[in-house]
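# Chains, contacts and geometry: an overview
The lines below spell out each chain.
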Amino acid sequence: QITAMPMASALSMILRGSNYMFRRIETPEEAWQVFRPISNSFSGDDLPVALRDIAVVAGVTISVDDTVVGRVYTDLRDLPLEVALERVLAGTSYVAKNEGHYYVVGDRKPEGPAFDKVSETRRVRLNYITPTAAKNLLSTAFAPYIQADADPNSHIVMVTAPADLADRLVAELKDMDIRPRHVLLDARIVAME
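First, a word on scope: everything that follows refers to the structure included in this document. Bear in mind the structure is a predicted one, so any value in this text is a computation, not a measurement.

With that out of the way, let us pick up the sheet that holds strand β8 (residues 120-125). A sheet is described by the order of its strands in space; here three strands give the open sequence β8-β10-β9, paired in antiparallel fashion. Looking at the sheet topology across the chains shown, the edges are occupied by β8 and β9 (146-148). The average angle at which neighbouring strand axes cross in this sheet is 20°, direction not considered. Taken together, the six bridges between β8 and strand β10 (residues 156-161) define a ladder with antiparallel strand orientation. If you follow Arg122 over to β10, its bridge partner there is Val159.

Structure follows, in structure tokens:
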């Protein structure tokens, strides 16, 4: 019965009466996400308590690092888990990472105890700029996330950061790595005796 209808109509029919919702995901291919919606209102609630409430509603395990503290002021209405976590953690130095069977919430700063769990390492090959020069061109706030080889013949920069920050840093490094302009010199040598 659902083979000759649009995906949105088919999903509406399949999920009717359940506790699940769906949304289209912006990807090159047509993709849809089915999720258990998160709805809650937080008015100064303790951040770890808010994360525990979200975990119960979503039916997932969220492991919260001991350093996670603060208050939450937000209103969540029918959001997927990832969006709800993003909203709750907005304005903090904390980040959530999906580990497959559970989520980890920890500090994105390298000195945080959960940094190894919430970060990933990416290797960037530069063609026209040295790694040290590239690192120096970035804001000093990003210095802890960038490792540049001091060897002037090296072309590799290592970025270790949470996924969203790593994406941004890799993009900025690639934008900096532009071919230098070439100058044409026309030289004439004249000998006079």
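What sets the pattern is the α-helix's 3.6 residues per turn: residues three or four places apart point alike. Turning to helix α1 (residues 7-15), its buried residues number three or more, namely Ala10, Leu11 and Leu15. Each buried residue of α1 sits inside an arc of 115° when the element is viewed along its axis, so together they form one side. Each element contacted by the buried residues of α1 is listed here: β1 (21-25) and β2 (31-35). Note on α1: the residue one or two positions beyond its end, Gly17, has a positive phi of about 85°.

So, about the packing of aromatic side chains. For the coordinates displayed, the defined rule picks out two aromatic pairs. Ring plane angle 55° and centroid distance 5.8 Å describe the contact between Phe22 and Trp32, whose orientation is recorded as tilted. On the criterion of sequence distance, the pair formed by Phe22 in strand β1 and Trp32 in strand β2 is long-range, its members being ten residues apart. Under the relative-accessibility criterion, Phe22 is labelled partly exposed at 24%. Ring geometry for Phe115 and Tyr145: centres 6.2 Å apart, planes at 40°, overall tilted. With Phe115 in helix α4 (residues 115-118) and Tyr145 in the loop between α5 (131-137) and β9, this pair connects stretches of sequence that are 30 residues apart. In terms of burial, Phe115 and Tyr145 fall into one category: buried.

Counting residues in each nonpolar core, the largest one holds 21 residues, and the members touching the most others are Leu47, Ile54, Leu76 and Val88. Within the residue set of this core, elements represented by two or more residues are β3 (38-46), α2 (47-58), β5 (71-79), α3 (81-89) and β7 (103-107). It is α2 that provides the largest number of residues to this core, a total of six residues. Ignoring anything within four residues of it in the chain, the contact list for Ile54 reads Ile38, Phe42, Ile62, Leu76, Leu81, Leu85 and Val88.

Cut-offs and rules
One numbering rule holds for all chains: residues counted from 1, following each sequence as written. pLDDT decides what is reported in this predicted model: residues at 70 or higher carry local features, side-chain atom pairs at 80 or more are listed and counted, and totals for whole chains, interfaces and linings draw on all residues regardless. Each side-chain value is derived from all of the structure's non-hydrogen atoms; neither hydrogens nor water enter the calculation. When DSSP finds two or more bridges between a pair of strands, those strands are recorded as paired. Going along the chain from the N terminus, every DSSP run of H or I of four or more residues is numbered as a helix, and every run of E of two or more is numbered as a strand. For helices, the axis comes from a line fit to the C-alpha atoms of the stretch in contact; other axes are also lines fit to C-alpha atoms, and the angle between any two N-to-C directions lies between 0 and 180 degrees. Each residue is placed in one exposure class: buried if its accessible area under a 1.4 Å probe, protein chains only, is under 20% of its type's maximum, exposed if it is over 50%, and partly exposed if it falls in between. Regarding the arc, it is the one traced by the directions from the helix axis to the C-beta atoms. Contacts were defined at the residue level, with two residues in contact if any of their heavy atoms lie within 4.5 Å. By convention, a stacked pair of Phe, Tyr or Trp rings (six-membered ring in the case of Trp) has centres within 6.5 Å and planes under 30 degrees apart, an edge-to-face pair has planes over 60 apart, and any other such pair is tilted. The criterion is simple. A nonpolar core is a set of buried Ala, Val, Leu, Ile, Met, Phe, Trp, Tyr and Cys residues joined through side-chain atoms within 4.5 Å.

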